[in-house]
Amino acid sequence: LPVVPGEVVRGPAWSLEVSVPRCWNPDESPERGADGALLDADALPGPLSVRAPRRGDRVHVPKVGTRKLHDVLIDRKVPREDRAALPVLMAGEIAVWVPGVVRSSAARVVDGTRRVLEARLVRDDKVALPLVKPCGSLPPRVACTKRDPFE
């Protein structure tokens, strides 16, 4: 399913929201916990989408290198029966985030980051939510200066 910043994508037992691009405050922590991720909006290698894990998926794990997503799921002790329901946030053909499991090195917030997107997963294990299929792409670049949003 395509992911449009500012809209919500609903899965069978979760919903995923990705904010619109905003200027990055270097004093802000890039960490968002297991159900959140901060992405460098200008370093994304392609349009965002979310899908279930697929055979052959690979993820670049920080300080480790590229690994099969299947192996990461096993290492993190994700039960086999739960793996197909996991959302994988993709940027083009690159897996950038599997909530609660792994955050890729791709589009990681670094010192030179100017714009960010914030992704947040809300789990709903009680209600199967209908799928919503939004369409579109990232909004055009917004000019950022260090003072814009913080004055």
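### A word on the pairing of strand β2 (residues 14-18)
- Counting buried residues along β2, 4 of its 5 residues qualify, which places the element largely inside the surrounding structure.
- Two strands pair when backbone bridges link them, and strand β1 (residues 8-10) and β2 are joined in this way by 3 bridges, in the antiparallel orientation. Following the sheet pairing, Val-9 is matched in β2 by Leu-16.
- The antiparallel hairpin formed by β1 and β2 contains 3 residues in its connecting segment.
- Sheet topology note: the β2/strand β11 (residues 115-123) ladder contains 5 bridges and is antiparallel. When the bridges of β11 are listed, Trp-14 appears paired with Arg-123.

### Some details on unusual backbone geometry
- Phi at Lys-63 is positive, roughly 65°, even though this residue is not glycine.
- Within the secondary structure, Lys-63 sits in the loop between β6 (58-61) and β7 (65-68).
- Backbone geometry at Ala-107 places phi at a positive 60°, although glycine is not the residue there.
- Tracing the backbone through its elements, the reader meets Ala-107 in the loop between β10 (102-103) and β11.
- Among the residues examined, Ala-107 registers a relative accessible area of 6% and is labelled buried.

### So, the nonpolar core
- Val-3, Leu-16, Leu-48, Leu-89 and Trp-97 are the most contacted members of the largest nonpolar core, which totals 20 residues.
- Sorting the residues of this core by element identifies β2, β4 (36-40), β5 (48-51), β8 (88-91), β9 (94-98) and β11 as the ones contributing at least two each.
- Beyond its immediate stretch of four places on either side in the chain, Val-3 contacts Val-9, Leu-16, Val-18, Leu-48, Ser-49, Val-50 and Leu-89.
- In this structure, Leu-86, Val-88, Ala-95 and Val-98 belong to the second largest nonpolar core, which totals 13 residues.

### Some remarks on the pattern of salt bridges
- A complete count under the given rule lists 9 salt bridges for this structure.
- One salt bridge connects Asp-42 with Arg-115, and the closest N-O pair in it is separated by 2.9 Å. In this pair, Asp-42 is assigned in the loop between β4 and β5 and Arg-115 in strand β11, connecting sequence segments 73 residues apart.
- Look at Asp-42 and you get partly exposed, because its relative accessible area is 30%.
- Residue Arg-115 is classed as buried on the basis of its relative accessible area of 4%.
- Several salt bridges share partner residues, and in doing so they unite Arg-22, Glu-28, Arg-32 and Glu-118 into one network.

### So, the environment of Val-96
- With respect to the helices, strands and loops of the structure, Val-96 is situated in strand β9.
- Each C-alpha atom of the pair Val-96 and Pro-45 lies 9.6 Å from the other, and the pair is 51 residues apart in sequence.
- When residues no more than four places from it in sequence are discounted, the contact partners of Val-96 are Leu-39, Leu-89, Met-90, Ala-91, Arg-103, Ser-104 and Ala-106.

### Considering the confidence of the model for the protein chain
- Scored by pLDDT, the protein chain has a mean of 79; 82% of the residues are at 70 or more.
- Note that residues 126-143 has pLDDT below 50 and, in this model, 40 contacts with residues that lie over four places away or in other chains.
- Segment residues 145-151: pLDDT under 50, and 7 contacts once partners within four positions in sequence are set aside and those in other chains are kept.

Reading the values: rules and limits
Residues numbered from 1 in each chain as written. Predicted model: local features only at pLDDT ≥ 70, side-chain atom pairs only at ≥ 80, totals over all residues. Heavy atoms only, no water. Buried < 20%, exposed > 50% of the residue type's maximum accessible area, 1.4 Å probe, protein only. Helix = DSSP H or I, 4+ residues; strand = E, 2+ residues; numbered from the N terminus. Pairing = 2+ DSSP bridges. Core = buried A, V, L, I, M, F, W, Y, C linked by side-chain atoms within 4.5 Å. Contact = heavy atoms within 4.5 Å. Salt bridge = Lys/Arg side-chain N within 4 Å of Asp/Glu carboxyl O. pLDDT = per-residue confidence, 0-100.

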